[in-house]
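Each chain, letter by letter, is given below.
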Amino acid sequence: MSASQTSDVPTLLVKIFGKDRPGITAGLFDTLAAYSVDVVDIEQVVTRGRIVLCALVTKPTTGSEGELRATVHSWAESLKLQAEIISGTGDNRPRGSGRSHVTVLGHPLTAESTAAIAARITATGGNIDRIFRLAKYPVTAVEFAVSGTETEPLRTSLALAASHLGVDVAVVSAGLHRRAQRLVVMDVDSTLIQDEVIELFAAHAGCEEEVAAVTARAMRGELDFEQSLHARVALLAGLDASVVDKVRAEVRLTPGARTLIRTLKRLGYQVGVVSGGFTQVTDDLKERLGLDFASANTLEIVDGKLTGKVIGEVVDRAGKARLLRRFAAEAGVPLAQTVAIGDGANDLDMLNAAGLGVAFNAKPVVREAAHTAVNVPFLDAVLYLLGITREEVEAADLA
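Computed from a predicted structure; not experimentally measured.

**Brief notes about the overall build of the protein**
So, point 1. A tally of regular secondary structure across the protein gives 16 helices and 15 strands.
So, point 2. Each of the three principal axes of the protein carries a C-alpha extent, and together these read 95 × 40 × 40 Å.
So, point 3. Counting every position in the protein, which comprises 399 residues, the buried fraction comes to 48%.
So, point 4. A separation of at least 24 residues holds for 67% of the contacts in the protein among residues at least 6 apart in sequence.
So, point 5. Approximately 18200 Å² of the protein is accessible, and the part contributed by carbon and sulfur atoms is 51%.
So, point 6. Here the protein contributes 41 positively and 49 negatively charged side chains, and the mean placements of these two sets differ by 4 Å.

Now the structure itself:
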């Protein structure tokens, strides 16, 4: 029956709630089947072992409405459930134009922040059609299906609220593209890994503090990246090339990095990295983690020594965005279906070019400019922004 056909048809909303157990859904519809009703809509949720089951059905063509009511109540009582039946007309009202998915991450997720997010959605003219939980650990992640307002103003409004509430909020437009094959490209230093690779090299050269200070200024956007790169690399001149293996061994993956990549790959996504660091490390990460793409700067090594120079085209802020576009073209993925993850000012062009730009534990200037921010220390939390549940992650691990 189409929406137009049900708009003025008498319907019954049958609500069942109580302690969950196997067979409740089948039992309710077996009971309703005796009255030859058509099913218009069904919703069911189970929270802490309590079920709420709603069935919107047409009025009975066999028997009377009174008999149906009595039978449903009797069936519910036999299972120690409660039943409520409400008469009305038609189906739900049509959803408003403009549909989005709003994902909220909290560690913890408080009632105060949830109330504020819901109020902001309402204030933009949106209606919350459905809410469900994506994950309960290591963070609480819930998703709101929202209609009636456009994605961009909703994203802007919720970003302002999130920064004050201590939660992370991502807003993406609804549609089939959300489940389509995608490309995820991430920064390396302080994103995929916990370290700044050049500082690991600098520790072996005895100039770690000097390099770290320059790195921090570059990531805050206070220095031109290419100039700062050349200045820092020059301090590494004379290091023995054997230090490369030592640095590779010292690299620490960010918590959740392996889970993020493994899950994305098993779901058919392509994954790449772009880095202002060095191919001597990113090539190793590509092999170890099974990445599809990797690009970075290359340290020049002559006669077994680092020369203090990089060779080839420098991967800077603009270069990262170019590489995102190149990877997308090679992967056959529209730019609108790409996801970029980064933490520093030199990631901003890439984050803005992607369909979804995620600032991961990022500097303030990056959080303010990106589509969304994740401020929990688990990289796999990005999966929830893509609508992937914790159960799906765990199922992928068992596959």
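Anyway, onward from the coordinates.
**Comments concerning the pairing of strand 1 (residues 10–19)**
So, point 1. As defined by bridge partners, strand 1 adjoins strand 4 (residues 82–89) across eight bridges and the pair is classed as antiparallel. In the strand pairing of strand 4, Leu-12 is matched with Ser-87.
So, point 2. Two strands pair when backbone bridges link them, and strand 1 and strand 3 (residues 50–58) are joined in this way by nine bridges, in the antiparallel orientation. Its bridge partner lying in strand 3, Thr-11 is registered against Thr-58.

**Points about the packing of helix 6 (residues 197–205) against helix 7 (residues 208–219)**
So, point 1. At a minimum axis distance of 8 Å, the contact between helix 6 and helix 7 shows a crossing angle of 160 degrees. Between helix 6 and helix 7, the angle is such that the two are roughly antiparallel. The hand of the helix 6/helix 7 crossing is right-handed. The segment helix 6 lies against helix 7, with Ile-198, Glu-199, Ala-202 and Ala-203 engaging Glu-208, Val-211, Ala-212 and Thr-215.

**Focus: helix 6**
So, point 1. Along helix 6, the residues classified as buried are Val-197, Ile-198, Glu-199, Leu-200, Phe-201 and Ala-202.
So, point 2. Following helix 6 by one or two positions, Gly-206 has its phi on the positive side, about 75 degrees.

**Topic: empty space enclosed by the protein**
So, point 1. Under the criterion given, the structure shown has two cavities of 30 Å³ or more.
So, point 2. Estimated volume of the largest cavity: approximately 140 Å³.
So, point 3. In this structure, the largest cavity is lined by 16 residues; those nearest its centre are Asp-189, Glu-196, Phe-225, Gly-276 and Gly-277.
So, point 4. Looking at the lining of the largest cavity, the elements that each hand over two or more residues are helix 7, helix 8 (225–234) and strand 10 (270–278).
So, point 5. A total of four residues in the lining of the largest cavity trace back to one element, the largest contributor, which is strand 10.
So, point 6. The computed volume of the second largest cavity comes to approximately 30 Å³.
So, point 7. Looking at the second largest cavity, the residues that line it are Arg-155, Leu-158, Ala-159, Val-169, Val-171 and His-371.
So, point 8. Those elements that place two or more of their residues in the lining of the second largest cavity are helix 5 (151–165) and strand 8 (168–173).
So, point 9. Residue contributions to the lining of the second largest cavity peak at three residues, all from helix 5.
So, point 10. Class assignment of the residues belonging to the lining of the second largest cavity gives a composition of four nonpolar, one polar and one charged.

What counts, and where the lines are drawn
Along each chain, residues carry numbers from 1 onward, in the same order as the chain's sequence is written. In keeping with the model being predicted, local features are shown solely for residues with a pLDDT of at least 70 and side-chain atom pairs are shown and tallied solely at 80 or more, while totals for entire chains, interfaces and linings include all residues. Side-chain numbers come from the whole structure's heavy atoms, not from hydrogens or water. Comment: elements are numbered from the N terminus, with helices defined as DSSP H or I runs of at least four residues and strands as E runs of at least two. Three exposure classes are used, based on accessible area relative to the maximum for each residue type with a 1.4 Å probe and protein chains only: buried under 20%, partly exposed in between, and exposed over 50%. Between two residues, a contact is recorded if the distance between any of their heavy atoms is within 4.5 Å. Working definition of accessibility: Shrake-Rupley area with a 1.4 Å probe, residue cover restricted to the visible protein chains. When charges are counted, Lys and Arg are positive and Asp and Glu negative, with His and the chain ends excluded. We put the charge of a Lys on NZ, of an Arg on CZ, of an Asp on CG and of a Glu on CD. DSSP calls a pair of strands paired once it identifies at least 2 bridges connecting them. Interaxial angles span 0 to 180 degrees and are taken between N-to-C directions of axes, which are lines fitted to C-alpha atoms, for helices over the stretch in contact. Here roughly perpendicular refers to angles of 65 to 115 degrees, roughly parallel to angles under 35, roughly antiparallel to angles over 145, and oblique to all remaining angles. The crossing is said to be left-handed when, going from far helix to near helix, the turn is anticlockwise and less than a right angle, and right-handed when the turn is clockwise. A pocket here means an open set of points on a 1 Å grid, computed over the protein atoms alone, that has protein on both sides within 12 Å along at least five of seven lines. A cavity is instead a set of points where a 1.4 Å probe fits but cannot get out; residues with an atom within 4 Å of a point line either one. Grid points are joined across faces, edges and corners, and a volume is the space filled by probe spheres set on the points. Each residue gets one label: Ala, Val, Leu, Ile, Met, Phe, Trp, Tyr, Cys and Pro are nonpolar, Asp, Glu, Lys and Arg are charged, and the others, such as Gly, are polar.

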